[in-house]
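# Summary of structural features
One letter stands for each residue in the lines below.
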Amino acid sequence: MSDRPPLRVVGRNAKCPICGKPAEPAHRPFCSKRCGDIDLGRWLKESYRVPTDERPGDSDDDKG
Ligand SMILES: [Zn+2]
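An account of the accompanying structure is given in this report. (Residues numbered from 1 in each chain as written. Predicted model: local features only at pLDDT ≥ 70, side-chain atom pairs only at ≥ 80, totals over all residues. Heavy atoms only, no water.)

### A short note on the overall build of the protein
Across its full length, the protein carries one helix and zero strands. Each of the 64 residues in the protein was classed as buried or not, and the buried ones make up 11%. The long-range fraction of contacts in the protein, counting pairs at least 24 apart against all pairs at least 6 apart in sequence, stands at 3%. Surface summary for the protein: the accessible area is close to 6700 Å², and the carbon and sulfur share equals 50%. (Helix = DSSP H or I, 4+ residues; strand = E, 2+ residues; numbered from the N terminus. Buried < 20%, exposed > 50% of the residue type's maximum accessible area, 1.4 Å probe, protein only. Contact = heavy atoms within 4.5 Å. Areas by Shrake-Rupley, 256 points an atom, 1.4 Å probe, with all protein chains shown as cover.)

### Describing the coordination of the zinc ion
Ligation of the zinc ion by protein atoms is provided by Cys16 (SG), Cys19 (SG), Cys31 (SG) and Cys35 (SG), these donors lying 2.3 Å from the ion. With four donor atoms in place around the zinc ion and angles of 99 to 119° between them, the coordination shape is tetrahedral. Ordering the donors of the zinc ion by residue number gives the pattern C-x2-C-x11-C-x3-C. Of this pair, Cys16 sits in the segment before α1 (33-48) while Cys31 sits in the segment before α1, and the two are 15 residues apart along the sequence. (Donors = N, O, S within 2.8 Å, 3.2 Å for Na, K, Ca; no water. Tetrahedral: all angles 85-135°; square planar, octahedral: opposite > 155°, others 65-115°.)

### With respect to the environment of Cys35
Topologically, Cys35 is positioned in helix α1. By relative accessible area, Cys35 is classed as buried at 8%. A C-alpha to C-alpha distance of 10.0 Å links Cys35 and Ala23, two positions twelve residues apart in sequence. Setting aside its immediate chain neighbours within four residues, Cys35 contacts Cys16, Ile18, Cys19 and Phe30.

### Describing unusual backbone geometry
Here Arg28 and Pro29 are connected by a cis peptide whose omega angle stands at 0°. With respect to the secondary-structure elements, Pro29 resides in the segment before α1.

### Examining the pattern of salt bridges
Should the charged atoms of two oppositely charged side chains come close, the side chains can pair. In the structure shown here, the tally under the stated rule is one salt bridge. A salt bridge links Asp37 to Lys33; the shortest N-O distance between them is 3.2 Å. With Asp37 and Lys33 both in helix α1 and four residues apart, this pair spans about one turn of that helix. (Salt bridge = Lys/Arg side-chain N within 4 Å of Asp/Glu carboxyl O.)

Structural data, given as structure tokens:
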């Protein structure tokens, strides 16, 4: 039993999900900070995607 398959090949073989370049340990899982920022911006956009609930007119608070 010496030919055991590697449990995790992720690491050195990790590739940048943004551009596909080999990921740098300092910027894992990305190849550079730039790609990291790109990814960050992506999900930030998703988070910012709030439904525009704007109503034409006055928005009076009608609480009794
Ligand atoms: Zn990259």
